[in-house]
Amino acid sequence: MSDSPYIFDTTGADFEQAVIQNSFHKPVLVDFWADWCAPCKALMPLLAQITESYQGELLLAKVNCDIEQDIVMRFGIRSLPTVVLFKDGQPVDGFAGAQPESAIRAMLEPHVQMPATPQGNLLDAAQTAFSEGRISEAETLLKQLLTEDNTNAAGLILYARCLAERGELGEAEAVLNAVKSDEHKQALAGARAQLTFLRQAADLPEVADLKSRLAQDAGDDEAVYQLAIQQLSRQQYEPALDALLKLFVRNRGYENGLPHKTLLQVFDLLGNDHPLVATYRRKLYNAIY
């Protein structure tokens, strides 16, 4: 089912060796699933991703419950998906039902050692995880980095963005306030912009209501702007940039030039290397001049 050496199917014939005996060397996560179970299929890629992130410190064994009834009866599995963590030959933890990444990692943390990462690579690994939406993994790496160096400005800024994505806006702001270096001004401005958009979105009408207003009146500038903020808070950057640019072209003076200011904030948030920034910075320049 996977090309990974850390992920494998197991059956009644090899369960003792593949899971029980292996768990004396490495913790083994056992995923009890069935083909008809939609939540099982949704959970599978997340479990695989988490397992891969441990780089061999964790194994993932998959049990097809439609076929392996003996294993199901042996462990009293009553609902799917069920995930059980084995260590030293015994089940030590687990959960039933689909769970978010943060909850799964919290369950694993006392039992599985994250692989050591050279400090110089921790930030790169965290940035990659964050950009791919693996927020919990990015946080774990950043905590390790900041334990070793709590003045790392780039690490603090990215950690604040992780907190913001989880809705911990006050804590994120406190972390940003701890950044003393001037070396990462644009990244700091981008993180503060993210906080601003998330806070603004919390006080705005729902997306469906804004879209309904625009369906009745496409020239409703307030609805256009508010929908763009809602989109930014959800990381839907391209439609937000497009709407802000069109609003700027149509009504340059809206709220004292707010669309222009917001476009510049988004550019800070995404960074100069982002392809959308290059595209929309050029479009904004053409619109101005």
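Residues numbered from 1 in each chain as written. Predicted model: local features only at pLDDT ≥ 70, side-chain atom pairs only at ≥ 80, totals over all residues. Heavy atoms only, no water.

Draft legend 1. The packing of helix H4 (residues 101-108) against helix H6 (residues 135-148), seen in detail. Running from N to C, H4 and H6 cross one another at 45 degrees; their axes reach a closest spacing of 8 Å. Taken together, H4 and H6 sit at an angle that is classed as oblique. Only Ile 135, Ser 136 and Glu 137 of H6 make contact with H4, whose side of the interface consists of Glu 101, Ser 102 and Arg 105. Considered class by class, the residues forming the contact of H4 with H6 number 1 nonpolar, 2 polar and 3 charged. (Axes fitted to C-alpha atoms, helices over the stretch in contact; angles between N-to-C directions. Helix = DSSP H or I, 4+ residues; strand = E, 2+ residues; numbered from the N terminus. Parallel < 35°, antiparallel > 145°, perpendicular 65-115°, else oblique. Contact = heavy atoms within 4.5 Å. Nonpolar A, V, L, I, M, F, W, Y, C, P; charged D, E, K, R; others polar.)

Draft legend 2. Just the layout of surface pockets, in detail. There is about 670 Å³ of room inside the largest pocket. Together, 22 residues line the largest pocket, and Phe 130, Leu 158, Arg 161, Leu 269 and Leu 270 are the ones closest to its centre. Secondary-structure elements contributing two or more residues to the lining of the largest pocket are helix H5 (119-131), helix H7 (153-165), helix H9 (185-202) and helix H13 (258-270). At 5 residues, the largest contribution of residues to the lining of the largest pocket is made by H7. Its residues assigned to classes, the lining of the largest pocket shows 8 nonpolar, 10 polar and 4 charged. When its volume is computed, the second largest pocket comes out at roughly 420 Å³. If you trace the second largest pocket, you find 14 residues lining it, with Arg 105, Glu 109, Ser 136, Thr 140 and Lys 143 closest to the centre. Listing elements by their share of the lining of the second largest pocket, those giving two or more residues are H4 and H6. The element best represented in the lining of the second largest pocket is H6, accounting for 5 residues. Class assignment of the residues belonging to the lining of the second largest pocket gives a composition of 4 nonpolar, 5 polar and 5 charged. (1 Å grid on protein atoms, 1.4 Å probe; cavity = no way out; pocket = protein on both sides within 12 Å on 5 of 7 lines; lining within 4 Å. Points joined across faces, edges and corners; volume = space filled by probe spheres on them.)

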